[in-house]
Amino acid sequence: MKKYIRYVLYFIAALLCAGAVGIYGLTMPPAAETEGSEQLFTIKRGTSVRTVAADLQTAGLVRSGYAAYFYFRLLRLPLKAGTYKLSSAMSLQSVAAYLQEGKHELIKVTLPEGLTLSKTAAILAERQVIELSAFLGAAQNPELLKKYGIPSGSAEGFLFPDTYFFSYNETPERIVTALLDNFFTKTAAIPHFPTDPAERYNTVILASIVEREYRVPEEAVKIAGVFSNRLEIGMGLQSCATVEYILTEVQHKPHPDRLLNKDLEIDHPYNTYKWRGLPPGPISNPGITALYAACNPEKSSYLYFRLEDSGAGTHVFTRSLAEHARAGALIVKRAAGH
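To keep things clear, this report deals only with the structure shown in the data block. (Residues numbered from 1 in each chain as written. Predicted model: local features only at pLDDT ≥ 70, side-chain atom pairs only at ≥ 80, totals over all residues. Heavy atoms only, no water.)

**What about the packing of aromatic side chains?**
Consideration 1: If you walk through the whole model with that rule in mind, you get 13 aromatic pairs.
Consideration 2: For the ring pair Phe183 and Phe184, a centre distance of 5.1 Å and an interplane angle of 80° mean the geometry is edge-to-face.
Consideration 3: Taking relative accessible area as the criterion, Phe183 reaches 0% and is therefore assigned buried.
Consideration 4: Taking the relative accessible area as the measure of exposure, Phe184 reaches 22% and is therefore partly exposed.
Consideration 5: Ring plane angle 40° and centroid distance 5.8 Å describe the contact between Tyr302 and Phe317, whose orientation is recorded as tilted. Taken as a pair, Tyr302 in the loop between helix H12 (288-295) and strand E5 (304-309) and Phe317 in strand E6 (residues 314-318) lie far apart in primary sequence, 15 residues in all.
Consideration 6: According to the relative accessible area criterion, Tyr302 is buried, its value standing at 17%.
Consideration 7: Taken together, the aromatic side chains of Tyr148, Phe158, Phe183, Phe184, Phe193 and Tyr201 make up a single cluster linked through ring pairs.
Consideration 8: The ring of Phe317 has Lys222 sitting right over it, with the charged end atom 5.5 Å from the ring centre. (Phe/Tyr/Trp six-rings, centres within 6.5 Å; stacked < 30°, edge-to-face > 60°. Buried < 20%, exposed > 50% of the residue type's maximum accessible area, 1.4 Å probe, protein only. Helix = DSSP H or I, 4+ residues; strand = E, 2+ residues; numbered from the N terminus. Lys NZ or Arg CZ within 6 Å of the ring centre and 35° of its normal.)

**Observations regarding the environment of Lys85**
Consideration 1: By the secondary structure assignment, Lys85 is in strand E2 (residues 82-87).
Consideration 2: Residue classification places Lys85 among the partly exposed positions, given a relative accessible area of 35%.
Consideration 3: As a C-alpha pair, Lys85 and Thr42 span 43 residues in sequence and 8.9 Å in three-dimensional space.

**Some thoughts on the pattern of salt bridges**
Consideration 1: Taken as a whole and judged by the stated rule, the model has six salt bridges.
Consideration 2: Between Lys186 and Asp162 there is a salt bridge, with its nearest N and O atoms 2.8 Å apart. Here Lys186 is found in helix H8 (residues 172-187), whereas its partner Asp162 is found in the loop between helix H7 (142-147) and strand E4 (163-167), with 24 residues between them in sequence.
Consideration 3: The partner of Lys222 in a salt bridge is Glu298, and the shortest N-O contact between them spans 3.3 Å. Of the two residues, Lys222 sits in helix H10 (residues 220-233) while Glu298 sits in the loop between H12 and E5, which places them 76 residues apart along the sequence.
Consideration 4: Residue Lys222 is classed as partly exposed on the basis of its relative accessible area, which comes to 25%.
Consideration 5: A relative accessible area of 29% places Glu298 in the partly exposed class. (Salt bridge = Lys/Arg side-chain N within 4 Å of Asp/Glu carboxyl O.)

**Points about the nonpolar core**
Nonpolar side chains tend to gather and get buried jointly when the protein is soluble and globular.
Consideration 1: Counting 60 residues, the largest nonpolar core has Phe135, Leu180 and Val210 as its most contacted members.
Consideration 2: If you tally residues by element for this core, the top one is helix H9 (residues 197-213), at seven residues.
Consideration 3: Beyond its immediate sequence surroundings of up to four residues, Val210 is in contact with Ala220, Ala224, Phe227, Ala290 and Ala293.
Consideration 4: In this structure, Phe41, Leu75, Leu77 and Leu99 belong to the second largest nonpolar core, which totals 21 residues. (Core = buried A, V, L, I, M, F, W, Y, C linked by side-chain atoms within 4.5 Å. Contact = heavy atoms within 4.5 Å.)

Below, the structure written as structure tokens:
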């Protein structure tokens, strides 16, 4: 008897789906929306079937919320939470299939190497993944930072550059966690990557500077070697990238075309022209090339480097200030010759 009743219910539901029951054309798309305009439709966790059906009608995605509700109930369709891209021209059967299978929409976001925390937040906000302030708050969450062994006030430097696919309505903590998990997964394969939190943090700081200085990947280990040599002899890193960080991230000025002498005199802990050693924290989120270079700097006696070819992005490396000056004069002479 129960089996018979079930068949009857399925038969009734099938009639409704196929439009065989012509009352109000329940399973047909809304009459004014047959062109098939697409829109996003969200089901939050814990939302009842009745509410989902009513919201579908309000959004103009089904003709009758009652019909949708009875259809979902009769076929016992599990509606999965998420955000879906639905068309107003879709039949009730098609809408139900999407909601049942959980084919929710994802937002593709590419985070390039060398972004700061604020610029990372801006991209995620622009792509409508998360509000800027919410992301910044999660990236500065003390409990989350402690969980990942980051001895800092923010996750800057550990937000791994990559292409991500996020669901709509993600929580800020889940987004930051995804970036941090990716960081530790990718860096696990780097030779000599530190496991001690303090040593690891210093490595990330160095990598963040290398990231902003190198242009040709093959030169990253050379530049890391120069900075390592400077640190070893107590010489200032003298990285223009750290001064640019002060101007753009601390003073909130536009990125300068070039640094002026007065910029190099800014009294700030991140100014590696005034202070020896590493700055207090990372100045960017480095990619795998810079992280590898910071862990495996090239052994050399170089203490200086300068851009040799702006088009190719190559540098000339020298051992002394005199060699550095001569290299600069030669580069200027070549440029004048062109």
